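# Summary of structural features
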Amino acid sequence: MSKSNELQFLSEQVIKGRLSRRDFLGRATALGLTLPFAGSMLSGAVMAAGPQKGGILKAGMQGGESTDSLDPASWTSQVQHSFGQSWGEALTNVSPDGQLVPRLAEEVGSSPDAKQWTFKIRRGVLFHNGKELEASDVVATLERHSDEDSKSGALGIMRGIESIKATGKYEVVINTTEPNADLPFLLSDYHLMIQPNGGKDAPDAGIGTGPYKVTEFEPGVRHRAVRFGEYWNLDEFGHADEIEITVINDSTARTSALQSRQIHIANRIEPRIVQMVERIPHVTVQSVSGRAHYVFLMHCDTAPFDNKDLRLALKYAMDREDMVNRILRGYGTVGNDFPINSAYPLFPEGIPQREYDPDRAKYHYDRSGHDGPIVLRTSDVAFPGAVDAAQLYRESCAKAGINIEVRREPGDGYWSEVWNNQPFCTSYWSGRPTQDQMYSTAYISTADWNDTNFYRDDFDRLARQARGELDEAKRSDMYRQMALMVRDDGGLILPMFNDYIEATTDQVVGWDPHPMGEMMSGFALSRCWLTA
Amino acid sequence: MKYLRTIPITALLGTALTGMFLFAAIFAPWIAPYGMSEVVGDMWEPSSAQFLLGTDNLGRDLLSRMIYGAQTTILIASLATLLAFTMGSVLGILAAVLGGWMDQVMSRGVDILMSIPTLIFALVVLSVMPSTMLVLILVMGILDSTRVYRISRAVAVDVNVQDFVEVARLRGEGNSWIVFREILPNALSPLVAELGLRFIFAVLFLSSLSFLGLGVQPPEADWGSMVRENRQGIVFGVPAALIPAGAIALLAISVNLVADWILRRTTDLKGGRGG
Amino acid sequence: MNLLVLKLIAQRIALGILLLFLVSILIFAGTQILPGDVAQSILGQGATDQALANLRREMGLDDPAVTRYFNWLGGILQGDMGTALSNNRDIASSLWGRAQNTLFLAFWTALVAVPLAIILGLVAVRYQNRWPDRAISGTTLTAISLPEFFVGYVLMYFFAVKLGWFPSVSTVYDGMPFADRMMAIALPAATLTLIILAHMMRMTRAAILNVMQSAYVETAELKGLGGLKIIWRHAFPNSVAPVVNVVMLNLAFLVVGVVVIEVIFVYPGLGQYLIDHVAKRDVPVVQAVGLIFAAVYIGLNMVADIVSILANPRLRHPK
């Protein structure tokens, strides 16, 4: 048998479960292959062989708390997101390349003015309690989340909806108040898991239509779910027999658990230690550049930040390359002071990159006439490394003659006392499914979280026009103008877009990075599978 | 005065090390090779001729940060400990001497203070007051004094019923005489043992406050916070966290060596066997 | 046992209960002063004004504080701690599970640490200023001056990652076999033992040394009794008061202060539970846990005081 044939044979043995991974790697290296190569050859073969059923897939994740609940309306963290995507399903999903993928809705259609949307609901889908999914469940779910009295995290998305009606057992029609070309994308939001009767009876029962059935829910500690035998799409989802999330909020504990094989997947590998995690023999680092970004926020209507020259000075005094290198260790890309990057559809190409320019910063600073220290508030909860980033910024500002006084605030209470209240602070944004959603969440005058106090009528008008524009070229041009307004006039300093960095052991196959969010946008547990 | 001639080698070592730390703290701006917040290299560089102890998590010179860190660490921790001790031991002994309802009021007040979780206490106080060094020292000192109070009261109650105290009382000595001249010298050794440890606890407590965002403001740092800043390197063998941790341990040992020596002096003073 | 001692003890217990009530008021007031707002913290960065107002109304945050205090106290006295604001779970049952875990870890740690500390203390006195004393002092001092997460990471690195003897993740759950449970808590218990050992050991040593010069110890020595025996039979009983106080401080720490260890080893105890709910401003839970912590301190301090009263011969036999 030739060497390559033997390897082929051996990897088939692994796939059929007759040979353990470790034995394979041992024999492959005996044949003269280097370890990483043998490993990648095996995973290629395993991937090609298609999903394997079985095993318990275990993830160790940061971001769970003992205050967590199974009610999708209340979800805010990534543990809830990942667990929720395993037991629940939304009407639509968004693929890694930004395309709409049908999930519980088989078909989506709209009226020419983009104000009326029709969703055909998949037939024969069962909830975990045995009941069949019907249009009324979908209507009830969307109603629950659009109730002004609800505490739903999706309330903002539901605002523009005028009416939701079941027009048949398997058909739902949604009317919006204004044209909205993005509606089907918005309904992929992870809060909008379809529940029996919309979860109006028992919002936190944890019953959905997803590939896994909740068996254990101990908030902030451990979540387990077992494969739902009657799931409608077991070819693509639900490969492991059981899934388990252990909440491991400490970064070192997560990597140690991965190293000692207590878990298969760890999320949020801190950039600082990525290079060392990469050196662990049985671990692969999975990173993908996404839409999330770290920001420094100035209030455009508060002195001294109401002065455009001062805002520009502070923007030019940001050394973005250095931030990406030191805070993200290269696992990220530089920002350009508007909240959109090329991961979004219709990204405005060709806007010049703002560079670190101390002289120019000094020029604008002198023109602003401001004098004295500028207080920058920060905290470790603002984003990982925020306090460090603030200190780096202080140093780069000092070179332009600008005196920044870093003030570290208690992490506890940061979001209620500092963010959106103090005129200059650090924060983060995770991405939104579309550009419109990003701008209308935080940059139009009426936005709930206009955290830079950016009020411009012409900007608001453009945003409204773009939302209803079905011609992509025209729409793209509008987004370009909006980006320039935020970049040159806004209170946003956006030094970097951070990558999502996760790590898996060599037993995990089927990892498909997704720029929309962590853990393959929450699908990792239901789409990956285990090898021997 | 034979103990002056026979200062043991351990005590000398302890004094020398403590002196060295103090020297570094006082003359920090002159002996530190780089600025405290100056970014001079890449993250976690190993030690080299350029950076004797390597660099920290942001690429700042670790030696310089250690030297500047000595200032804040030693200053805050020693003042807080001093405050805790003066307050705790004097009040504790006084409570034992006075007895009765005064003792009850003070002791139960301390129980209340102790029973509020430190985290919540610190959060409440420090969120109302500005996070200045003085407030920090006061909060740490007062919280710690409750622990000292309990121990000194416990020791003092035992001493208080000894014959020589009753003799002094019969002589008509006032409370302050009894507290400072009769009981304090006889309760000193457990208290001194406690002092050495309390100092270390203060150093560590400072770092947990910094972690909550309540401690020293960046870019200044204390040693405990420096361990924390560099903690992710520990399981990968990066020594950046080890150095400040080692410094705390060394400081702890040297302070306690001195404390042990004082302890032995006081036991010697009471007569009995020599060292 | 005489009447005076009984009276002292009874007084002490009555005071303890009174204290608990005072503390409950303090805790309630303290949670009102905490910066931030429950509704805002629950909804996080993404809260809209409308949702905030709705949530506040729903949670009864608009009622006067006094009304809320008495409602709460009344509930507690009937064993009803209410439901958590953040996730609508029954506080009493989630709390009990967490408390069991915390007590389990504290119990096994104390079982190892306390006797070990006292024995080491006795040995250190016996060989005062000789090498066993120095070795014990040096090691324990080093252990105590390292931040607790540092000790935890180092143990984790060697015993979980390198040697693979124990799991690095100590999650325990209902129905876990006892042996697995013990394996799971091995590393956190070892870390905690290292942290609290020095304090108790040093106090034992110092307190015994303090009484070693007393006349009765010298008498015992003259009677020809041997080293450890004198220390154990004559010196130790008279230095119990400060030692008991330090032991109690450390036991209280094991219940109340182990949050860092819980985070590192992913152990589902009370500390992490409290921190999460403080961060979310989940007032009923913070109050309930705060009250439990207060009860632990008050109870342990009470025990320490009573032991001190019983141990002091002059108090036991007043003239």
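Every value quoted in this text rests on a predicted model; they were computed, and no experiment measured them.

Calculation rules
- Residues numbered from 1 in each chain as written.
- Chains lettered and ligands numbered in written order.
- Predicted model: local features only at pLDDT ≥ 70, side-chain atom pairs only at ≥ 80, totals over all residues.
- Helix = DSSP H or I, 4+ residues; strand = E, 2+ residues; numbered from the N terminus.
- Buried ≥ 20, exposed ≤ 12 C-beta atoms within 10 Å, placed from the backbone.
- Contact = placed C-beta atoms within 7 Å.
- Nonpolar A, V, L, I, M, F, W, Y, C, P; charged D, E, K, R; others polar.
- Pairing = 2+ DSSP bridges.
- Axes fitted to C-alpha atoms, helices over the stretch in contact; angles between N-to-C directions.
- Parallel < 35°, antiparallel > 145°, perpendicular 65-115°, else oblique.
- Left-handed = near helix turned anticlockwise from the far one by under 90°.
- pLDDT = per-residue confidence, 0-100.
- Expected span 1.5 Å × (residues − 1).
- Arc of directions from axis to C-beta.

### Observations concerning the overall build of chain C
On a plain count of helices and strands, chain C comes out with 15 helices and zero strands. By the burial criterion, 49% of the 319 residues in chain C qualify as buried.

### Quick look at the overall build of chain B
Check the secondary structure of chain B and you find eleven helices and zero strands. Along the chain direction, N to C, the helices and strands of chain B fall in the order α-α-α-α-α-α-α-α-α-α-α.

### Some details on the interface of chain C and chain B
Taken together, the contact pairs 51 residues of chain C with 46 residues of chain B. Breaking the side of chain C that touches chain B down by element, the ones donating at least two residues are α1 (3-33), α6 (131-145), α7 (148-162), α8 (178-212), α11 (240-256), α13 (270-279), α14 (283-311) and α15 (313-316) of chain C. In terms of residue count, the dominant contributor to the side of chain C that touches chain B is α1 of chain C (eight residues). Of the residues that constitute the side of chain C that touches chain B, the class distribution is 36 nonpolar, 13 polar and two charged.

### A short note on unusual backbone geometry
Residues and elements named next belong to chain A. In this structure, P304 follows A303 across a cis peptide bond, with omega equal to 0°. Take P304: it is sitting in the loop between β12 (283-298) and α10 (308-316). Positive phi, normally seen in glycine, also occurs at R268, with a value near 45°. Within the element layout of this structure, R268 appears in the loop between β11 (265-266) and α9 (271-278). When the 21 C-beta atoms within 10 Å are taken as the criterion, R268 is described as buried. The phi dihedral of L346 is positive, around 65°, even though this residue is not glycine. In this structure, L346 sits in the loop between β13 (332-334) and α12 (358-368). The exposure class of L346 is partly exposed, given the 19 C-beta atoms found within 10 Å.

### Focus: the interface of chain A and chain B
The interface of chain A with chain B comprises 23 residues on the first partner and 19 residues on the second. Those elements that provide at least two residues to the side of chain A that touches chain B are α8 (251-259), α9, α13 (386-398) and β15 (404-408) of chain A. Looking at which element gives the most residues to the side of chain A that touches chain B, the answer is α13 of chain A, with five residues. Classifying every residue of the side of chain A that touches chain B gives six nonpolar, seven polar and ten charged.

### Some words on the pairing of strand β8 (residues 212-218) of chain A
All names here are of chain A. Here β8 runs beside strand β9 (residues 222-227); their pairing, made up of six bridges, is antiparallel. Residue pairing across strands places K213 opposite V226, the latter belonging to β9. Between β8 and β9, which follow one another and run antiparallel, lie three residues, and G220 among them has a positive phi close to 75°.

### Let's talk about the sheet that holds strand β4 (residues 105-110) of chain A
Residue and element names in this part refer to chain A. Here we have four strands laid out as an open sheet, ordered β4-β5-β7-β6, and antiparallel in their pairing. Looking along the sheet, the strands with just one partner apiece sit at the ends: β4 and β6 (161-168). The sheet shows a mean angle of 20° between the axes of neighbouring strands, direction not considered. Looking at chain direction, β4 and strand β5 (residues 116-121) are connected through five bridges and run antiparallel.

### Re the packing of helix α5 (residues 100-115) of chain B against helix α7 (residues 133-160) of chain B
Residues and elements named next belong to chain B. It is the contact of α5 with α7, at a shortest axis distance of 9 Å, that shows an interaxial angle of 140°. For the element pair α5 / α7, the angle class is oblique. Two packed elements cross with a definite hand, and for α5 against α7 that hand is left-handed. On the side of α5, the interface is formed by S107, V110, L113 and M114, while α7 contributes T146, Y149, R150 and R153.

### Some words on the confidence of the model for chain C
All names here are of chain C. In the predicted model, chain C carries a mean pLDDT of 81, and 89% of its residues have values of at least 70. Within chain C, α15 has the poorest average pLDDT of any element, 62, and helix α5 (residues 91-126) the best, 90. Across the interface, the model reports ipTM at 0.77; the global pTM reads 0.81.

### Notes on the pairing of strand β1 (residues 56-61) of chain A
All names here are of chain A. Burial analysis of β1 places five of its six residues in the buried class, which makes it a mostly covered element. Pairing of β1 with strand β10 (residues 242-247) involves six bridges; the strand directions are parallel. Residue pairing for β10: M61 is matched across the bridge by V247. As judged from the two bridges shared by β1 and β11, these two strands associate in the parallel manner. Within β11, the residue paired with G60 across the bridge is A266.

### Topic: α5 of chain B
Helical geometry: 3.6 residues make up each α-helical turn, so side chains three or four residues apart lie on a common side. Residue and element names in this part refer to chain B. Between its terminal C-alpha atoms α5 stretches 22 Å, which fits the 22 Å expected from 16 residues at 1.5 Å a residue. Listing the buried residues of α5 in full gives S107, V110, D111, M114 and S115. The buried residues of α5 occupy an angular sector of 130° when projected down its axis, which confines them to one face. Set apart from the buried face of α5 by more than 90 degrees, the exposed residues are W101, M102 and V105.

### A short note on the packing of α5 of chain C against α8 of chain C
All names here are of chain C. It is at 7 Å that the axes of α5 and α8 come closest, and there the two elements cross at 35°. The interaxial crossing formed by α5 with α8 has right-handed handedness. In terms of residue class, the contact of α5 with α8 is made up of 22 nonpolar, four polar and one charged.

### Some details on the confidence of the model for chain B
All names here are of chain B. Model confidence for chain B is summarised by a mean pLDDT of 82, while 90% of its residues fall at 70 or above. Confidence scores differ between elements of chain B, with helix α1 (residues 2-5) showing the lowest mean pLDDT of 51 and helix α4 (residues 62-98) the highest of 91. Here residues 270-275 is a poorly scored stretch, pLDDT under 50, and it has eight contacts once near neighbours within four places are set aside; other chains count.

### Describing the environment of E65 of chain A
Within the fold, E65 of chain A resides in the loop between β1 and α4 (78-87). C-beta crowding within 10 Å serves as the criterion here: with 23 such atoms nearby, E65 of chain A is assigned to the buried category. Taking the C-alpha atoms as reference, E65 of chain A lies 8.8 Å from N249 of chain A; in sequence the two are 184 residues apart. Excluding residues that lie within four positions of it along the chain, E65 of chain A makes contacts with P219 and G220 of chain A together with D276 of chain C.

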